[in-house]
Amino acid sequence: PDKEVQAIYDLALEVARKAGVLIREAFVKEKSVETKDSEADLVTETDQAVEKFVHDMIKAKYPDHKFIGEETFAETGQKCELTDEPTWIIDPIDGTTNFVHRVQEVSFSLGVTINKKPVIGIVYAPVKEEMFTARLGQGAFCNDQRLKANSITELKKSLGIVEGGSARDPAVVQDKITNIHSILKNCHGFRAYGSCAINLCHVAAGRGDFYVEYGVHIWDFIAGVLIAQEAGASVCDPEGGELSLLRRRLLCACTPELIVQIPPILTHLDMGSD
Ligand code: IPD
């Protein structure tokens, strides 16, 4: 089985590097932008082209493996079905709003699950040239340097990461503002980098102590979750229970002591499921 995971990992790295070249080339060019679920939920021709390119590359080598891709699901409106089969879960550009506005925090995110558990996570930020990688039980790395999440245990000494997300339903927006207010009251501050995958890598790299978001999808976080866990961080549902991969929300923190202090300060949103 290890040999099989190694072969999948080698292809995953090659796919990520090639996807990164496409994203980097398109980053400086004019983009054609369309909207999906809301006026703030964006997609460009590069998201679609990268997804098709990597889908074809993966299927050429592994025709029987399952594939879950953000844009494929947006086009067909299908529900995600996560099975025990080896499954490649791709977000061709995580941080599409950054990509459209030429903010450098854009990433290609690729996770592979076997038996519904992530075994490989790759987040490549091609503009900043940061390649984050993790394999189950083997640690997390950025450009081959081992990552270790921070050791902060007190909420009042922590730096949080949160996002506005793309939902514009007034009740959702209000609850998110309430949560930012609460984080400002209880912590050193908050940051919002505009890519769920990169946010998780920031916690893994010790550039922030926790990250919480309601409204994310499995393709946004699956790779970053493994990278954060392999760097020693903890991940759970924002209410404190076990993370559900299809429930569209997550909390990640650098230590087990910190993570339990966060659910009580938040207003919890139910964003449906993938
Ligand atoms: C988005 C980013 C963003 C988060 C949104 C996601 P996309 O993914 O991860 O940080 O706030 O909830 O939808 O649309 O750029 O792939």
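- Per an unreviewed UniProt entry, the chain is named Inositol-1-monophosphatase, and its organism is Aplysia californica.
- The UniProt entry for the chain carries the following text under Catalytic activity (unreviewed entry): "a myo-inositol phosphate + H2O = myo-inositol + phosphate".
- Looking at the chain in UniProt, the text filed under Cofactor (unreviewed entry) is "Mg(2+)".

**Observations concerning unusual backbone geometry**
Trans is the common state for peptide bonds, and a negative phi is the common state for residues other than glycine.
Argument step 1. Notably, Arg102 is not glycine yet its phi reads approximately 60°, a positive angle.
Argument step 2. Position of Arg102 among the secondary structure elements: in the loop between helix 4 (96-100) and strand 5 (107-114).
Argument step 3. Note on Arg102: 11 C-beta atoms within 10 Å, which makes it exposed.
Argument step 4. The phi angle at Asp144 is positive, at roughly 70°, despite the residue not being glycine.
Argument step 5. Position of Asp144 among the secondary structure elements: in the loop between strand 8 (140-142) and strand 9 (145-146).

**Here's the deal with the site of the ligand**
Argument step 1. With respect to spatial proximity, 15 residues lie near the ligand, and among them Asp94, Thr96, Glu163, Gly165 and Cys196 are the closest.
Argument step 2. For the shell around the ligand, the per-class residue count stands at 2 nonpolar, 7 polar and 6 charged.
Argument step 3. Among the domains, domain 1 (2-146) and domain 2 (155-265) are the pair contributing at least three residues each to the shell around the ligand.

**A look at the domain arrangement of the chain**
When the parts of a complex come together, some accessible area is lost, and that lost area is often used as the size of the interface.
Argument step 1. What the domain assignment lists for the chain is domain 1 (2-146) and domain 2 (155-265).
Argument step 2. Centre-to-centre separation of domain 1 and domain 2, based on C-alpha positions: 20 Å.
Argument step 3. Each side of the interface is counted separately: domain 1 has 36 residues, and domain 2 has 26 residues.
Argument step 4. The set of elements that each furnish at least two residues to the side of domain 1 that touches domain 2 consists of strand 3 (66-69), strand 4 (87-94), helix 4, strand 5, strand 6 (117-125), strand 7 (130-135) and strand 8.
Argument step 5. Class assignment of the residues belonging to the side of domain 1 that touches domain 2 gives a composition of 18 nonpolar, 11 polar and 7 charged.

**Some points on helix 2 (residues 45-61)**
Argument step 1. The terminal C-alpha atoms of helix 2, which comprises 17 residues, lie 25 Å apart, in line with the 24 Å expected from a rise of 1.5 Å per residue.
Argument step 2. Every buried residue of helix 2 is accounted for by Thr46, Asp47, Val50, Glu51, Val54 and Ile58. One face of helix 2 carries all of its buried residues, which in axial projection span an arc of 130°. The outward face of helix 2, more than 90 degrees from its buried face, is lined by the exposed residues Glu45, Asp56 and Ala60.

**Looking at the packing of helix 1 (residues 2-27) against helix 2**
Argument step 1. Between helix 1 and helix 2, whose axes approach to 10 Å, the crossing angle comes to 160°. Taken together, the axes of helix 1 and helix 2 lie roughly antiparallel to each other. In the crossing of helix 1 with helix 2, the sense of the turn from one axis to the other is right-handed. For the pair helix 1 and helix 2, contact is made by Leu11, Val15, Ala19, Leu22, Ile23 and Ala26 and by Thr46, Ala49, Val50, Phe53, Val54, Met57, Ile58 and Lys61, respectively.
Argument step 2. Taken together, the residues of the contact of helix 1 with helix 2 break down into 12 nonpolar, 1 polar and 1 charged.

**Regarding helix 5 (residues 170-186)**
Argument step 1. Here helix 5 is 17 residues long and its end C-alpha atoms lie 24 Å apart, about the 24 Å a rise of 1.5 Å per residue gives.
Argument step 2. Restricting attention to buried positions, one finds in helix 5 the residues Lys176, Asn179 and Ile183. All buried residues of helix 5 fall inside an arc of 55° around its axis, so they share one side. Opposite its buried face, helix 5 presents the exposed residues Pro170, Ala171, Gln174, Ile177, Thr178, His181, Leu184 and Lys185, each directed more than 90 degrees away.
Argument step 3. For helix 5, the elements touching its buried residues are strand 10 (159-162) and strand 11 (189-191).

**A short note on the sheet that holds strand 5**
Argument step 1. If you walk across this open sheet you meet the 7 strands as 3-4-5-6-7-8-9, and the pairing is mixed. Edge positions in the sheet fall to strand 3 and strand 9, since each has one partner strand and no second.
Argument step 2. The pairing of strand 8 with strand 9 spans 2 bridges and is classified as antiparallel. Paired with Phe141 across the bridge in strand 9 is Arg146.
Argument step 3. Sitting on the sheet, helix 6 (residues 196-204) is in contact with strand 4, strand 5, strand 6, strand 7 and strand 8, with an inclination near 100° to strand 6.
Argument step 4. Packed onto the sheet, helix 7 (residues 218-230) meets strand 3, strand 4, strand 5, strand 6, strand 7 and strand 8 and runs at close to 100° relative to strand 6.

Definitions and limits used
Residues numbered from 1 in each chain as written. Predicted model: local features only at pLDDT ≥ 70, side-chain atom pairs only at ≥ 80, totals over all residues. UniProt positions renumbered as here; feature names shortened; annotations may be inferred. Helix = DSSP H or I, 4+ residues; strand = E, 2+ residues; numbered from the N terminus. Buried ≥ 20, exposed ≤ 12 C-beta atoms within 10 Å, placed from the backbone. Near = placed C-beta within 6 Å. Nonpolar A, V, L, I, M, F, W, Y, C, P; charged D, E, K, R; others polar. Domains from an automatic or database assignment. Contact = placed C-beta atoms within 7 Å. Expected span 1.5 Å × (residues − 1). Arc of directions from axis to C-beta. Axes fitted to C-alpha atoms, helices over the stretch in contact; angles between N-to-C directions. Parallel < 35°, antiparallel > 145°, perpendicular 65-115°, else oblique. Left-handed = near helix turned anticlockwise from the far one by under 90°. Pairing = 2+ DSSP bridges.

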